[in-house]
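Observations on chain architecture
Chain by chain, the residues:
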Amino acid sequence: MPYKDSVQRVSTRTQTQITGNVSCKTGSSNGIVKDLSEEGICFQLFFDIGARTGQEVTIRSAELGLLTGIVRWNRGDRIGIKLKLSSNTAAQIASYYKFFQG
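Residues numbered from 1 in each chain as written. Predicted model: local features only at pLDDT ≥ 70, side-chain atom pairs only at ≥ 80, totals over all residues. Heavy atoms only, no water.

The helix and strand tally for the chain stands at two helices and six strands. Tracing the chain from N to C terminus, the helices and strands come up as α-β-β-β-β-β-β-α. Summarising the internal contacts of the chain: among those between residues at least 6 apart in sequence, 46% fall at separations of at least 24. Put simply, the chain shows about 6,100 Å² of open surface, and 51% of that area lies on carbon and sulfur atoms. (Helix = DSSP H or I, 4+ residues; strand = E, 2+ residues; numbered from the N terminus. Contact = heavy atoms within 4.5 Å. Areas by Shrake-Rupley, 256 points an atom, 1.4 Å probe, with all protein chains shown as cover.)

Moving on: the sheet that holds strand 6 (residues 78–83). Here we have six strands rolled up into a closed barrel, ordered 1-2-3-6-5-4, and antiparallel in their pairing. Pairwise comparison of adjacent strand axes, ignoring direction, gives a mean angle of 45 degrees for this sheet. Pairing between strand 2 (residues 27–36) and strand 3 (residues 40–45): five bridges, direction antiparallel. Across the sheet, residue Ile32 finds its bridge partner in strand 3, namely Gln44. (Pairing = 2+ DSSP bridges. Axes fitted to C-alpha atoms, helices over the stretch in contact; angles between N-to-C directions.)

With that settled, consider the side chain of Thr16. Structurally, Thr16 is set in strand 1 (residues 14–24). Among the polar contacts listed, one links the side chain of Thr16 to the backbone oxygen of Val33, at a separation of 2.4 Å. Those residues in contact with Thr16 that sit more than four places away from it in its chain are Val33, Lys34, Asp35, Leu36 and Tyr96. (Polar contact = N/O pair within 3.5 Å; in protein donor to acceptor, adjacent residues only side chain to side chain.)

Taken as a whole, this structure holds one aromatic pair when the rule is applied. The ring of Trp73 is capped by Arg75, whose NZ or CZ atom sits 4.0 Å from the centre of that ring. (Phe/Tyr/Trp six-rings, centres within 6.5 Å; stacked < 30°, edge-to-face > 60°. Lys NZ or Arg CZ within 6 Å of the ring centre and 35° of its normal.)

A full pass over the atoms with the stated rule returns two salt bridges. The shortest N-O distance in the salt bridge between Arg13 and Asp35 comes to 2.8 Å. Of this pair, Arg13 sits in the loop between helix 1 (3–6) and strand 1 while Asp35 is found in strand 2, placing the two residues 22 residues apart along the sequence. Judged by relative accessible area, which is 13%, Asp35 ranks as buried. One salt bridge connects Lys84 with Glu56, and the closest N-O pair in it is separated by 3.0 Å. Taken together, the residues Lys84 in the loop between strand 6 and helix 2 (87–100) and Glu56 in strand 4 (residues 56–61) connect sequence positions 28 residues apart. (Salt bridge = Lys/Arg side-chain N within 4 Å of Asp/Glu carboxyl O. Buried < 20%, exposed > 50% of the residue type's maximum accessible area, 1.4 Å probe, protein only.)

This is a description of form; function is not addressed.
Dropping the structure here:
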(Lines give C-alpha, C1' and ligand atoms only; values in the text may rest on other atoms or scores of the structure.)
Protein backbone atom coordinates (compact mmCIF):
# COMPACT_ATOMS: atom_id res chain seq x y z
CA MET A 1 0.00 0.00 0.00
CA PRO A 2 1.45 3.39 -0.98
CA TYR A 3 2.36 5.74 1.86
CA LYS A 4 -0.25 8.36 0.90
CA ASP A 5 -3.02 5.77 1.18
CA SER A 6 -1.86 4.62 4.61
CA VAL A 7 -1.96 8.04 6.28
CA GLN A 8 -5.19 9.44 7.65
CA ARG A 9 -5.07 13.22 7.41
CA VAL A 10 -6.74 15.47 9.96
CA SER A 11 -7.09 18.33 7.47
CA THR A 12 -7.64 18.31 3.71
CA ARG A 13 -4.53 19.22 1.75
CA THR A 14 -4.58 21.57 -1.24
CA GLN A 15 -1.95 21.24 -3.99
CA THR A 16 -0.07 24.53 -4.43
CA GLN A 17 2.92 26.06 -6.18
CA ILE A 18 3.67 28.78 -3.62
CA THR A 19 7.28 29.94 -3.68
CA GLY A 20 8.95 30.70 -0.40
CA ASN A 21 11.86 30.15 1.94
CA VAL A 22 12.38 27.74 4.83
CA SER A 23 15.05 28.33 7.43
CA CYS A 24 16.22 26.44 10.50
CA LYS A 25 19.31 26.42 12.69
CA THR A 26 21.24 24.38 10.09
CA GLY A 27 20.46 26.49 7.01
CA SER A 28 18.00 28.18 4.70
CA SER A 29 16.61 27.31 1.27
CA ASN A 30 14.17 28.71 -1.22
CA GLY A 31 11.63 26.26 -2.55
CA ILE A 32 7.99 25.49 -3.23
CA VAL A 33 5.07 24.72 -0.95
CA LYS A 34 3.75 21.61 -2.74
CA ASP A 35 0.68 21.23 -0.56
CA LEU A 36 -0.96 23.10 2.26
CA SER A 37 -3.52 22.41 4.95
CA GLU A 38 -4.67 24.23 8.06
CA GLU A 39 -2.16 22.18 10.05
CA GLY A 40 0.81 21.53 7.79
CA ILE A 41 2.89 22.04 4.69
CA CYS A 42 4.88 19.85 2.32
CA PHE A 43 7.85 21.98 1.23
CA GLN A 44 10.16 21.08 -1.65
CA LEU A 45 13.64 22.47 -0.94
CA PHE A 46 15.95 23.76 -3.67
CA PHE A 47 18.97 23.03 -1.42
CA ASP A 48 19.51 20.54 1.40
CA ILE A 49 19.55 22.44 4.69
CA GLY A 50 19.96 19.45 6.96
CA ALA A 51 16.45 19.83 8.43
CA ARG A 52 15.75 16.93 10.79
CA THR A 53 12.59 15.59 12.40
CA GLY A 54 11.66 17.66 15.45
CA GLN A 55 13.60 20.73 14.34
CA GLU A 56 11.87 24.11 14.40
CA VAL A 57 11.60 25.91 11.05
CA THR A 58 10.37 29.27 9.78
CA ILE A 59 8.52 29.56 6.49
CA ARG A 60 8.34 32.88 4.61
CA SER A 61 6.36 33.58 1.45
CA ALA A 62 4.53 36.49 -0.13
CA GLU A 63 1.24 34.57 -0.13
CA LEU A 64 1.43 33.05 3.37
CA GLY A 65 3.52 35.56 5.29
CA LEU A 66 5.64 34.26 8.17
CA LEU A 67 4.79 30.85 9.68
CA THR A 68 6.62 28.59 12.11
CA GLY A 69 6.47 24.85 12.56
CA ILE A 70 8.24 21.61 13.37
CA VAL A 71 9.71 19.18 10.83
CA ARG A 72 7.65 15.97 10.98
CA TRP A 73 9.42 14.08 8.18
CA ASN A 74 12.00 14.49 5.41
CA ARG A 75 12.18 12.52 2.17
CA GLY A 76 14.78 13.54 -0.38
CA ASP A 77 14.23 17.18 -1.27
CA ARG A 78 10.88 17.44 0.57
CA ILE A 79 10.07 18.07 4.21
CA GLY A 80 6.76 17.84 6.01
CA ILE A 81 6.12 20.67 8.45
CA LYS A 82 3.51 20.65 11.20
CA LEU A 83 2.53 24.28 11.68
CA LYS A 84 2.44 25.85 15.12
CA LEU A 85 -1.26 26.47 15.45
CA SER A 86 -2.46 29.88 16.57
CA SER A 87 -5.17 32.32 15.63
CA ASN A 88 -2.56 34.17 13.54
CA THR A 89 -1.62 31.00 11.62
CA ALA A 90 -5.29 30.21 10.99
CA ALA A 91 -5.87 33.77 9.73
CA GLN A 92 -2.88 33.59 7.36
CA ILE A 93 -4.02 30.26 5.88
CA ALA A 94 -7.62 31.52 5.54
CA SER A 95 -6.35 34.69 3.86
CA TYR A 96 -4.37 32.62 1.33
CA TYR A 97 -7.47 30.59 0.43
CA LYS A 98 -9.61 33.74 0.18
CA PHE A 99 -7.26 35.86 -1.95
CA PHE A 100 -5.14 33.38 -3.89
CA GLN A 101 -7.37 30.32 -4.31
CA GLY A 102 -10.72 32.10 -4.61
